[in-house]
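So the chains spell out like this:
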Amino acid sequence: MQFGIFSVGDVTPDPTTGRTPTERDRIKAMVAIALKAEEVGLDVFATGEHHNPPFVPSSPTTMLGYIAARAERLILSTATTLITTNDPVKIAEDFAMLQHLADGRVDLMMGRGNTGPVYPWFGQDIRQGINLAIENYALLHRLWREDVVNWEGKFRTPLQSFTSTPRPLDGVPPFVWHGSIRSPEIAEQAAYYGDGFFHNNIFWPADHTKRMVELYRTRYAHYGHGTPEQAIVGLGGHIFMRRNSQDAVREFRPYFDVAPVYGHGPSLEDFTDQTPLTVGTPEQVIEKTLAFREYAGDYQRQLFLVDHAGLPLKTVLEQIDMLGEEVVPVLRREFAAGRSADVPEAPTHASLKAAQEVTTV
């Protein structure tokens, strides 16, 4: 099972000091977070994609390429790549290039994003969000698998005898996760292609996440990719830890209250009770994370959000240290216990290459 960090890259004032990091500070902090994740033995770093304040990661492959040159083992991913407003040709080229630079340590998560104004900035209509996701990914899927593509659709100029360059490393496209909080059409899309499904697992209660994951698993089997239990599932989670749970709550509360995504809403107590957010000790994080399996089944990837809402970098790095030293080793052991031998590991470039070589023999 893979464990890692994902960041949305918000630039938020620290409510305890009033200091707002510069964009340069925040970008450099995201790099430091990724390198700390590798240092402590985590598997994945994923950056979001945003084109509006207060967020900075507008060019994920630029950031991931920089990290690739400094990291040796870390899988580089996204949390989300905007399949709706990006040109699928550019996605195909950018991520294939990143594959070559990172020696295959690359995958990505498709998503529609949740910022309505972004659509017209890129010449699109949010009312076509689902249709854009479906059509653009259909083209991207072909661009990585066919050397010459002829294509015509609704949302993009036609392609005639087009070859996307560079070609995927070793002829193996990056593995794709489809991320969605609430759209069954995206779970269906992931199942249709036999791709992974990622639920961010932050804002919604467990019964909602369970319904989305079960839909994906059922449809994955329907399309003949394997049993429901063999479907590839990833989950998010948001945590803040201190040795004493009261200290964790006291320290995190001012950040929670002003968070750009969910601040100024429910109380911290209500939110932690109704969602997967865990604010407490490492032991409490372990307990709540292990409970994800009760409603999601055995799954392949767990990503944690630890740097949201203006938390200073020093505090974030402390969170990652605790994850690597105290939390993830226990989670690896406990998730492995009782895991069926039929449940696959998360796909990597090496495993996908090996599977392709078997099918071509």
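Residues numbered from 1 in each chain as written. Predicted model: local features only at pLDDT ≥ 70, side-chain atom pairs only at ≥ 80, totals over all residues. Heavy atoms only, no water.

For the protein, the name recorded in an unreviewed UniProt entry is 5,10-methylene tetrahydromethanopterin reductase, with Streptomyces regalis as its organism.

1. Let's talk about the overall build of the protein
The condition that has to hold: Numbering of helices and strands runs from the N terminus, with a helix taken as a DSSP run of H or I at least four residues long and a strand as a DSSP run of E at least two residues long. Only protein chains enter the accessibility calculation, which uses a 1.4 Å probe; a residue whose area is less than 20% of its type maximum is buried, one above 50% is exposed, and one in between is partly exposed. Here, residues are in contact when the closest pair of their heavy atoms is within 4.5 Å. Each accessible area is a Shrake-Rupley result for a 1.4 Å probe, and residues are judged covered by the shown protein chains and nothing else.
Each helix and strand in the protein was counted, giving 13 helices and 13 strands. With the C-alpha coordinates aligned to their principal axes, the bounding extent of the protein is approximately 60 × 45 × 40 Å. The burial tally for the protein puts 53% of its 361 residues in the buried class. Taking the contacts inside the protein whose residues are at least 6 apart along the sequence as the reference set, 72% of them involve residues at least 24 apart. Accessible surface computed for the protein: about 15,300 Å², of which carbon and sulfur atoms make up 53%.

2. Quick notes on the packing of helix α3 (residues 88-101) against helix α5 (residues 129-145)
The line we're drawing: To define axes, lines are fitted to C-alpha atoms, for helices over the stretch in contact only, and angles between the resulting N-to-C directions are given on a 0 to 180 degree scale. Any angle that is under 35 degrees is reported as roughly parallel, and any over 145 degrees as roughly antiparallel; angles of 65 to 115 degrees are reported as roughly perpendicular and all others as oblique. Handedness of a helix crossing follows the sense of rotation of the near helix relative to the far helix, less than a right angle counterclockwise being left-handed and clockwise being right-handed. Residue polarity is assigned by list, with Asp, Glu, Lys and Arg as charged and Ala, Val, Leu, Ile, Met, Phe, Trp, Tyr, Cys and Pro as nonpolar; anything else, Gly included, falls into the polar class.
Where α3 meets α5, the closest approach of the two axes is 9 Å, and the angle between their N-to-C directions is 40 degrees. Considering their axes alone, α3 and α5 lie oblique with respect to each other. Handedness of the α3/α5 crossing: right-handed. Every residue of α5 that contacts α3 at Pro88, Val89, Ile91, Ala92, Phe95 and Ala96 is listed here: Asn136, Leu139, Leu140, Leu143 and Trp144. Grouping the amino acids of the contact of α3 with α5 by side-chain chemistry returns 10 nonpolar, 1 polar and no charged.

3. Looking at unusual backbone geometry
With an omega of 5 degrees, the peptide bond running from Pro53 to Pro54 counts as cis. Residue placement: Pro54 occurs in the loop between β2 (44-47) and α2 (60-68). Omega for the peptide link from Thr165 to Pro166 comes to -5 degrees, which places this bond in the cis form. Even without being glycine, Ser161 reaches a positive phi, approximately 50 degrees. Given the relative accessible area of 53%, Ser161 is considered exposed. Backbone geometry at Ala309 places phi at a positive 75 degrees, although glycine is not the residue there. Within the element layout of this structure, Ala309 appears in the loop between β13 (301-304) and α12 (313-336).

4. Here's the deal with the side chain of Gln302
Looking at the secondary structure, you find Gln302 in strand β13. Judged by its relative accessible area of 0%, Gln302 is buried. Excluding its chain neighbours within four sequence positions, the residues that come into contact with Gln302 are Met1, Gln2, Phe3, Gly4, Leu235, Gly236, Gly237, Thr289 and Phe292.

5. Things to note about the side chain of Thr61
Tracing the sequence through the fold places Thr61 in helix α2. Residue Thr61 is classed as buried on the basis of its relative accessible area, which comes to 18%.

6. Description of the sheet that holds strand β8 (residues 175-179)
Rule in force here: Strand pairing requires that DSSP identify at least two bridges connecting the strands.
The 9 strands are arranged β3-β2-β1-β13-β10-β9-β8-β5-β4 in an open sheet whose pairing can be described as parallel. With one partner strand each, in any of the chains shown, β3 (75-78) and β4 (81-82) form the two edges of the open sheet.

7. Thoughts on α2
A large share of α2 lies buried, amounting to 7 of its 9 residues. What α2 keeps buried is the set Pro60, Thr61, Met63, Leu64, Gly65, Ile67 and Ala68. Of the surrounding elements, those touching the buried residues of α2 are α1 (23-39), β2, β3 and α3.

8. Regarding the environment of Glu185
Of note, Glu185 is situated in helix α6 (residues 184-193). Assessed through its relative accessible area of 39%, Glu185 is described here as partly exposed. Spatially, the C-alpha atoms of Glu185 and Ile130 are 7.4 Å apart, while their sequence positions differ by 55 residues.

9. Here's the deal with the pairing of β8
Stated precisely, the cut-off is as follows: Look down the strands so they point away from you; if the path from the first strand over the helix to the second goes clockwise, the crossover is right-handed.
Burial of β8 is extensive: 5 of the 5 residues sit out of reach of the surface. Both faces of β8 are covered, namely the face carrying Phe175, Trp177 and Gly179 and the face carrying Val176 and His178. As defined by bridge partners, strand β5 (residues 107-111) adjoins β8 across 4 bridges and the pair is classed as parallel. Within the sheet, the bridge partner assigned to Leu108 lies in β8 and is Val176. Pairing of β8 with strand β9 (residues 196-199), which is carried by 3 bridges, proceeds in the parallel orientation. For Trp177, the partnering residue across the bridge sits in β9 and is Gly196. Each parallel crossover has a hand, and for β8 linked through α6 to β9 it is right-handed.

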